[in-house]
Amino acid sequence: MDDFMVITKTQDDAFVQRDRVSKLLPRLGLFRNEKKGHWEPTQLVEHLGLEVDFEEGLFRVTERRLDKIHSKATVILCRATRERRWVQARELAGFNGLCQSVYLAVPTARLYLRELYFVLGKKSSWGSKVKLTRQAWGDLQWWAKLPATSRWNGRKIWRSPTRAKLHTDSSLFAWGGLLNLKKEARGFWSDELQKLHITHLELEAVYKTVRSFLSKQEGKVVRLYCDNQAVVAMLSHFTSRNPELMRRMRKLWLLLDLHDIELQARYIRSEANEGADWLSRDKDLDDWRIDKRWFKYAEEQWGEHSVDGFASEISAQLPRYYSAWHDPGCEGVDLLAYD
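In this report, we go over the structure that sits alongside the text. Since we're looking at a predicted model, the values are computed, not measured.

Reading guide: rules and limits
- Residue numbers run consecutively from 1 along every chain, following the written order of its sequence.
- In keeping with the model being predicted, local features are shown solely for residues with a pLDDT of at least 70 and side-chain atom pairs are shown and tallied solely at 80 or more, while totals for entire chains, interfaces and linings include all residues.
- Calculation of side-chain values draws on the structure's entire complement of heavy atoms; hydrogens and water are dropped beforehand.
- Whenever a pair of cysteine sulfur atoms sits within 2.5 Å, that pair is classed as a disulfide.
- Strand pairing is assigned whenever DSSP identifies at least 2 bridges connecting the two strands.
- Going along the chain from the N terminus, every DSSP run of H or I of four or more residues is numbered as a helix, and every run of E of two or more is numbered as a strand.
- For helices, the fitted line uses only the C-alpha atoms of the stretch in contact; every axis is such a line through C-alpha atoms, and the angle between N-to-C directions lies from 0 to 180 degrees.
- Pairs of residues are marked as contacts when any of their non-hydrogen atoms sit within 4.5 Å.
- Any Phe, Tyr or Trp ring, taking Trp's six-membered ring, that has another such ring centre within 6.5 Å forms a pair; planes under 30 degrees apart are called stacked, those over 60 apart edge-to-face, and the others tilted.
- For this document, the term salt bridge refers to a Lys or Arg side-chain nitrogen within 4 Å of an Asp or Glu carboxyl oxygen.
- For the exposure calls, accessible area comes from a 1.4 Å probe over protein chains only, and a residue counts as buried if that area is under 20% of its type's maximum, exposed if over 50%, partly exposed in between.
- Without a salt bridge and with relative accessible area above 30%, a residue can belong to a patch; like charges are then joined within 9 Å and nonpolar side chains (Val, Leu, Ile, Met, Phe, Trp, Tyr) within 5 Å.
- Here the Shrake-Rupley method, with its probe set to 1.4 Å, supplies the accessible areas, and only the displayed protein chains count as covering residues.
- Throughout this description, a polar contact denotes any pair of N or O atoms lying within 3.5 Å of each other; where both atoms belong to protein, one of them has to be capable of donating a hydrogen while the other can accept it, and for residues adjacent in sequence the pair is counted only when both atoms sit in side chains.
- Under this scheme an angle from 65 to 115 degrees is roughly perpendicular, one under 35 degrees roughly parallel, and one over 145 degrees roughly antiparallel; angles in between are oblique.
- In a left-handed crossing the near helix is turned counterclockwise from the far helix by less than a right angle, and in a right-handed crossing that turn is clockwise.

In the structure shown here, the tally under the stated rule is zero disulfides. Lacking any disulfide linkage, Cys 78 is separated from the closest cysteine sulfur, that of Cys 99, by 16 Å.

Shown next as structure tokens:
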């Protein structure tokens, strides 16, 4: 038996539990290897390639494990460069397993492993070769340069308190979102997006809702409530077997990373997601716009316009516009409320 840890709230409790374990092991016929483990209470311990730092409350990858990841990623990249992106399937599988082992300390590990597993899935045998896609090549470069001290190397042991709440939902023609159950965001899908599966639309609704309230979420822990279990599962691990969903996931993650937002996804029943559900299903019959040819004619006659006062993300004629609801591109809600 190996690889177990006893965690207590105080040092005194740690001594008590140590003595209890030391008495229990012989009774079970087990003996402790004196050369392994930490018998004295500590707040910093190395465990399976990770540092467990109870003082800072973080899991981190050890420098030794990082050096191993860097080295293996570099070797695979060099070989792929010489052989036109072809690499040994067994070697890639070993690398994937190594990186998967640090998931506890690198929250985005699965995001940067999904494409590598996709490539590995095309092998004909363990002795065969597989060809790296451009995305897999880029992900290998990310692993090869992952620094020891960065916001990507370190996951909190204890969850941070929630600072904001989002509720999102999507229908086949629109999306809706709520910030702290007060501020509303919504929009309508383009003809192209309406052809997608509802799971894609639900994930896109999360992206658009986050973008709609960026200034209110920067640097915060945000609890997201969504009534699509597939989307909640994907956001919990930031991975999906579907390449198109992964593309949308990467887009969302880059947005969260850029604005230092920690998103915690939770499932909510549709009946309890009433506000976002209504926003995504109520049809707006007033969001009209004139034909673009007539708009161009008007600008030729009376000069260029600077702002579209009553529009939405899909009906705006200009980059600057005001809308009836928050959405990713509007400058404000309700033009008449501004000077």
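Before going further, it helps to examine the sheet that holds strand 7 (residues 164-170). Pairing in this open sheet of five strands is mixed, and the strands run 9-8-7-10-11 from one edge to the other. Taken across any chain shown, the strands that pair with only one partner, and hence form the sheet edges, are strand 9 (183-188) and strand 11 (262-267). Here the average twist between neighbouring strands, direction ignored, is 20 degrees. Across five bridges, the pairing between strand 7 and strand 8 (residues 174-179) is antiparallel. What sits directly across from Leu 166, in strand 8, is Leu 179. Its contacts with the sheet put helix 8 (residues 229-237) on strand 10 (221-226) and strand 11, and the angle it makes with strand 11 is roughly 145 degrees.

Take the sheet that holds strand 1 (residues 44-47) next. Strands sit in the order 1-2-3-6 across an open sheet of four strands; the sheet is antiparallel. The open sheet terminates on both sides in strands that have one partner only, identified here as strand 1 and strand 6 (155-156). Inspection of the sheet shows strand 1 paired to strand 2 (residues 50-53) by four bridges, in the antiparallel sense. Each residue of the ladder has a partner; that of Glu 46, found in strand 2, is Glu 51.

Turning our eyes to something else, we now look at the packing of aromatic side chains. For the structure shown, the criterion picks out eight aromatic pairs. Plain terms: the ring middles of Phe 54 and Trp 158 are 6.3 Å apart, the flat faces sit at 50 degrees to each other, and that makes the pair tilted. Note that Phe 54 is positioned in the loop between strand 2 and strand 3 (58-61) and Trp 158 in the loop between strand 6 and strand 7, a separation of 104 residues in sequence. With a centroid separation of 6.2 Å and 70 degrees between ring planes, the pair formed by Trp 142 and Trp 152 is classed as edge-to-face.

Let us now look at the pattern of salt bridges. Overall, the coordinates contain 20 salt bridges when judged by the stated rule. Measuring nitrogen to oxygen at the nearest pair gives 2.6 Å for the salt bridge that ties Glu 46 to Arg 64. Of this pair, Glu 46 sits in strand 1 while Arg 64 sits in helix 2 (residues 63-82), placing them 18 residues apart in sequence. On the basis of relative accessibility, which here comes to 41%, the residue Glu 46 falls in the partly exposed class. On the basis of relative accessibility, which here comes to 62%, the residue Arg 64 falls in the exposed class.

Look at Leu 48: it is not a glycine, yet its phi comes out positive at around 55 degrees. Tracing the sequence through the fold places Leu 48 in the loop between strand 1 and strand 2. The exposure class assigned to Leu 48 is exposed, which follows from its relative accessible area of 52%. Unusually for a residue other than glycine, Arg 84 sits at a positive phi of about 55 degrees. Along the chain, Arg 84 falls in the loop between helix 2 and strand 4 (86-88). Residue class for Arg 84 comes out exposed when judged on its relative accessible area of 70%.

This part is about a nonpolar patch on the surface. On the surface, Leu 24, Leu 28 and Leu 30 cluster together into a nonpolar patch covering about 250 Å² of accessible area. Overall, Leu 28 belongs to the exposed group, its relative accessible area being 55%.

Within the secondary structure, Asp 139 sits in helix 5 (residues 134-144). Given a relative accessible area of 1%, Asp 139 falls into the buried group. Engagement of the side chain of Asp 139 in a polar contact is seen with the side chain of Arg 250, the distance being 2.8 Å. The contact partners of Asp 139, leaving out residues within four places of it in the chain, are Leu 111, Tyr 112, Glu 115 and Arg 250.

Before going further, it helps to spend a moment on the packing of helix 2 against helix 3 (residues 89-100). In the contact formed by helix 2 and helix 3, the axes pass within 10 Å of each other and the chain directions differ by 150 degrees. Between helix 2 and helix 3, the crossing angle belongs to the class labelled roughly antiparallel. The crossing of helix 2 and helix 3 is left-handed. Judged by residue contacts, Arg 65, Lys 68, Ile 69, Lys 72, Ala 73, Val 75, Ile 76 and Arg 79 of helix 2 engage Glu 91, Leu 92, Phe 95, Leu 98 and Cys 99 from helix 3.

In short, shape yes, function no, at least from these values alone.
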